[in-house]
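Topology and contacts: notes
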Amino acid sequence: MKASVRNLTPYVPEQPLADLQAELGLKRVVRLSANENPYGTSPAVERAVKSWDFTNSNRYPDADARALRTAVAAQIGVAPAQLVFSVGLDEMIVMLSRTFLAPGDRVLVSGPTFSEYGLHAQIEGAQLVTVPTLADDHVDFAGMAAALTPQVKLVWLCNPNNPTGTSESLADITAFIQQVPAETMVLIDEAYIDFAPNAAALTAMQLPAKYPNVVVMRTFSKAYGLANFRIGYGVFAPELAPTMQAVRLPYNVNSLTQVAALAAIKDQDFVQKTVAQNASERARWEAYFTARHWQFDQSAANFIFFAHPRAVALAAMLKQNGYLVRTGLRPGWLRLTIGTAADNARLRELMTEECEDPAV
Ligand SMILES: *Cc1c(COP(=O)(O)O)cnc(C)c1O
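Everything numeric here is computed off the predicted structure, so don't read it as measured data.

About the cut-offs
Residues numbered from 1 in each chain as written. Predicted model: local features only at pLDDT ≥ 70, side-chain atom pairs only at ≥ 80, totals over all residues. Heavy atoms only, no water. Near = heavy atom within 4 Å. Polar contact = N/O pair within 3.5 Å; in protein donor to acceptor, adjacent residues only side chain to side chain. Areas by Shrake-Rupley, 256 points an atom, 1.4 Å probe, with all protein chains shown as cover. 1 Å grid on protein atoms, 1.4 Å probe; cavity = no way out; pocket = protein on both sides within 12 Å on 5 of 7 lines; lining within 4 Å. Sits in = over half its atoms within 2 Å of the grid points. Salt bridge = Lys/Arg side-chain N within 4 Å of Asp/Glu carboxyl O. Helix = DSSP H or I, 4+ residues; strand = E, 2+ residues; numbered from the N terminus. Buried < 20%, exposed > 50% of the residue type's maximum accessible area, 1.4 Å probe, protein only. Contact = heavy atoms within 4.5 Å. Right-handed = clockwise from strand over helix to strand, strands pointing away. Pairing = 2+ DSSP bridges. Axes fitted to C-alpha atoms, helices over the stretch in contact; angles between N-to-C directions. UniProt positions renumbered as here; feature names shortened; annotations may be inferred. Phe/Tyr/Trp six-rings, centres within 6.5 Å; stacked < 30°, edge-to-face > 60°.

**Overview of the site of the ligand**
- Taken together, the neighbourhood of the ligand is formed by 14 residues, with L89, Y192, T219, S221 and K222 sitting nearest.
- Note that an oxygen atom of the ligand is positioned 3.1 Å from one of the side-chain N or O atoms of K222.
- Residue R230 places a side-chain N or O atom 2.8 Å away from an oxygen atom belonging to the ligand.
- A total of 390 Å² of accessible area belongs to the ligand in isolation, and the protein chains cover 93% of it.
- When atoms are counted within 2 Å of each cavity's grid points, the one that captures over half of the ligand is the largest pocket.

Okay, structure coming up:
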């Protein structure tokens, strides 16, 4: 076994909801800890998946995902050959770590951020260097630039960032990239960009064509409601894409998933509704936290990161009432996925009661 793997702390996945319902003795448990789409999945995806020709089951899928590739490239305005598909954005994190890291290398992040960057750095024997965020939880770009050394091979930028929800402007990201040596990769995770109020101005999608050391990643798991199908992609410079295709397992994305993602991308109406509902519910949460003087980060995503003097006890109480929120990302802070209007209203009721309870 690789020494780097021996002491690994695994990513803790979500517990199946049916198990939790039995454990808590509840008919309904709402998971607001994994940033899934609370509005479900487009009905067009259901129709497409159900009409898939089952007689194709014994055949390997299209290794190039041609139909999906054409649709995604047109939607985001890049060349089809720049796209590399993966089994969720997660697998792209694995592929990039595997491709660019050797033991002793360093990986630079702004922290707190998504834990998978560090996990896969560790598996490759690389060392994670974390530059803490500024007081408002924005990226400390000056601190990041100062931490660049020849050993740093990868820099991860999650925009909007998980778990803070904060977003950085394209101008700031571009200015940072201009300080990064050409041998160092800058990997921009845009898992939540659809939810940003200014997504079109924020995206770094056009940068890989200009800067060959930049990669931009997206997923269908969040705004597109396809978390179970496991599909994401990276946008690479044209000269780098063939190398990544060589690293990728040829049949990583199965046909059902390709069909689902294609139907999802065609139903922009579903995505726009999800984004609009999320934005109005996000505003309600901001108003609630502001009124109560609870500290929270300005979110451009489908979750809110907030501080609470009894964060762990609050999360436990919400769980007993059938609502799961994410703990353990920063002491005294919780990350809450923005749910449906009804669930959010119920959550605020529970939180208000907890505040007014003289016993706590
Ligand atoms: C959810 C998430 C992912 C992983 O998405 P999958 O496509 O489901 O693997 C990647 N990056 C961030 C920041 C996420 O929050």
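From this point on, the discussion continues.
**What to know about the pattern of salt bridges**
- Enumeration according to the criterion identifies 14 salt bridges in this entry.
- Notably, a salt bridge pairs R230 with D90, separated by 3.5 Å at the nearest N-O pair. Of the two residues, R230 is situated in the loop between β7 (214-219) and β8 (232-235) and D90 in helix α5 (residues 88-100); the sequence distance between them amounts to 140 residues.
- Classification of R230 as partly exposed rests on a relative accessible area of 29%.
- Where D137 meets R330, a salt bridge forms, and the shortest distance between an N and an O atom there is 2.7 Å. Of the two residues, D137 is situated in the loop between β4 (127-132) and α7 (141-146) and R330 in the loop between β10 (323-325) and β11 (333-337); the sequence distance between them amounts to 193 residues.
- The class for D137 is buried, based on a relative accessible area of 3%.

**Considerations on unusual backbone geometry**
- A cis amide bond links G111 with the next residue in sequence, P112, at an omega value of 10 degrees.
- In this structure, P112 sits in the loop between β3 (106-111) and α6 (115-123).
- Following N159, the chain continues to P160 via a peptide bond in cis, the omega torsion being -10 degrees.
- Structurally, the position occupied by P160 is in the loop between β5 (152-158) and α8 (170-177).
- Phi is positive for N35, which is not a glycine, with a value near 60 degrees.

**Describing the environment of L83**
- Inspection of the secondary structure assignment puts L83 in strand β2 (residues 83-86).
- As a C-alpha pair, L83 and R98 span 15 residues in sequence and 18 Å in three-dimensional space.
- Residues contacting L83, with those up to four places away along its chain left out, are R69, V72, A73, I76, V78, Y233, G234, V235 and Q245.

**Observations regarding the pairing of strand β6 (residues 185-189)**
- Most of β6 is tucked away, with five of its five residues classed as buried.
- Burial of β6 is two-sided: the residues M185, L187 and D189 facing one way and the residues V186 and I188 facing the other way are all buried.
- Crossover β5 to β6 through α8 is right-handed.
- Bridge count for β6 against β7 is four bridges, and the pairing is parallel. From the neighbouring strand, I188 faces β7, where its bridge partner is V216.

**Considering the sheet that holds β8**
- The mixed open sheet is built from seven strands, whose spatial order is β2-β8-β7-β6-β5-β3-β4. Strands at the two margins of the open sheet, each flanked by one partner only, are β2 and β4. Neighbour to neighbour, the strand axes of the sheet diverge by 25 degrees on average, direction disregarded.
- Where β5 lies against β6, five bridges are found, and the strand directions are parallel. Each residue of the ladder has a partner; that of V155, found in β6, is V186.
- In the packing of helix α4 (residues 66-76) onto the sheet, the strands contacted are β2, β7 and β8, and the crossing angle to β2 comes to about 120 degrees.

**Remarks on the UniProt feature "modified residue: N6-(pyridoxal phosphate)lysine" (unreviewed entry) in the protein chain**
- Here, UniProt's "modified residue: N6-(pyridoxal phosphate)lysine" (unreviewed entry) annotation points to K222.
- Along the polypeptide, K222 turns up in the loop between β7 and β8.
- A polar contact of 3.1 Å, which involves the side chain of K222, links it to the side chain of Y192.

**Thoughts on the side chain of T274**
- Among the structural elements, T274 can be located in helix α13 (residues 268-292).
- By relative accessible area, which is 2% here, T274 ends up buried.
- Apart from residues no more than four positions distant in its own chain, T274 is found in contact with N37, Y39, F195 and A223.

**What about the packing of aromatic side chains?**
- What the rule picks out here adds up to 18 aromatic pairs.
- For the pair F114 and Y117, a centre-to-centre distance of 5.7 Å together with 75 degrees between the ring planes defines the contact as edge-to-face. Grouping residues by exposure puts F114 and Y117 together as buried.
- Ring plane angle 15 degrees and centroid distance 6.1 Å describe the contact between W294 and F306, whose orientation is recorded as stacked. Of this pair, W294 sits in the loop between α13 and β9 (303-307) while F306 sits in strand β9, and the two are twelve residues apart along the sequence.
- When its relative accessible area of 12% is taken as the criterion, W294 is described as buried.
- One aromatic cluster in this structure is built from W285, Y288, F289, W294, F296 and F306.

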